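In case you want the letters, here they are:
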Amino acid sequence: MGTKALIKKIPHSEVFKLEDLVPVDANQVSSMTVVQKPSIGMTLFSLGEGEGIKMHTSAGDAMVQILAGVAEIIIGEEKYLVHRGETIILPANIPHALNAIESFQMLLIVVKPDKQ
């Protein structure tokens, strides 16, 4: 009678901390995708201090919630420091990049337009 889980690789009906699921490794970017559908993706990331994700674009709006640490997030020409507990939206089709000012962990949710 159960249904197939839509959110994968993380506990259901249990209290936990997302940052515990993607430990920070020095000099490394780690990720764990928990949802990947045509219109939505959810991925946990950890970046060691000094690591980054180079400038790129996304077809959807991306919401970044910093779970621990501090990230420098560049959207177009603007730079933002985003700290633990803070969230920023990266608009679709605008180049963006992320750099670890100090090691950080984040939840990334990307919402893309429905295919018509």
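Only a predicted model underlies this, so the values are computations on that prediction, with no experimental measurement involved.

Colleague: Would you take a moment to explain the environment of Ser46 for this structure?
Modeller: Relative to the elements of secondary structure, Ser46 occurs in strand β2 (residues 40–47). It is 15 Å that separates the C-alpha atoms of Ser46 and Thr87, two residues lying 41 residues apart in sequence. For Ser46, the residues in contact, after removing those within four places along its chain, are Val22, Pro23, Val24, Gln28, Val29, Ser30, Phe104 and Gln105. One polar contact links the side chain of Ser46 to the main-chain carbonyl oxygen of Pro23, over a distance of 3.0 Å.

Colleague: How should I be thinking about the nonpolar core in this particular structure?
Modeller: The tendency in soluble globular proteins is for nonpolar side chains to be buried side by side. Of all hydrophobic cores here, the largest spans 17 residues; its most connected members are Val64, Ile73, Phe104 and Met106. Taken together, the elements giving at least two residues each to this core come down to β2, β4 (61–75), β6 (87–90) and β7 (96–111). Core analysis: the next-biggest nonpolar cluster, separate from the first, contains 10 residues, Ile10, Met32, Leu67 and Ile109 among them.

Colleague: Before we go on, may I ask you to explain the pattern of salt bridges in this structure?
Modeller: It is possible for side chains bearing opposite charge to pair when their charged atoms get close. Counted according to the given criterion, the structure contains 1 salt bridge. In this structure, the salt-bridge partner of Glu19 is Arg84, at a minimum N-O distance of 4.0 Å. Of the two residues, Glu19 is situated in the segment before β1 (29–36) and Arg84 in the loop between β5 (78–83) and β6; the sequence distance between them amounts to 65 residues. Glu19 gets classed as buried once you look at its relative accessible area, which sits at 18%.

Colleague: Explain the pairing of β7 here, please?
Modeller: Two faces, one strand: in a regular strand the side chains alternate between the faces of the sheet. Examined bridge by bridge, β2 and β7 share 8 bridges and lie antiparallel to one another. Considered in β7, the bridge of Gly41 is made with Val110. With 3 bridges joining them, strand β3 (residues 52–56) and β7 adopt antiparallel strand pairing. Bridge pairing links His56 to His96 in β7. Strand direction decides the pairing type here: β4 and β7, joined by 13 bridges, are antiparallel. Looking across to β7, one finds that Met63 is bridged to Ile109.

Colleague: Teacher, can you tell me more about unusual backbone geometry here?
Modeller: Excluding glycine, residues mostly have negative phi values, and the peptide bonds linking residues are mostly trans. One non-glycine residue, Lys9, lies in the positive phi region at around 70 degrees. We classify Lys9 as exposed; its relative accessible area is 60%. Positive phi values are uncommon outside glycine, yet Asn27 reaches one of about 60 degrees. With respect to the secondary-structure elements, Asn27 resides in the segment before β1.

Rules used throughout
Residues numbered from 1 in each chain as written. Predicted model: local features only at pLDDT ≥ 70, side-chain atom pairs only at ≥ 80, totals over all residues. Heavy atoms only, no water. Helix = DSSP H or I, 4+ residues; strand = E, 2+ residues; numbered from the N terminus. Contact = heavy atoms within 4.5 Å. Polar contact = N/O pair within 3.5 Å; in protein donor to acceptor, adjacent residues only side chain to side chain. Core = buried A, V, L, I, M, F, W, Y, C linked by side-chain atoms within 4.5 Å. Buried < 20%, exposed > 50% of the residue type's maximum accessible area, 1.4 Å probe, protein only. Salt bridge = Lys/Arg side-chain N within 4 Å of Asp/Glu carboxyl O. Pairing = 2+ DSSP bridges.

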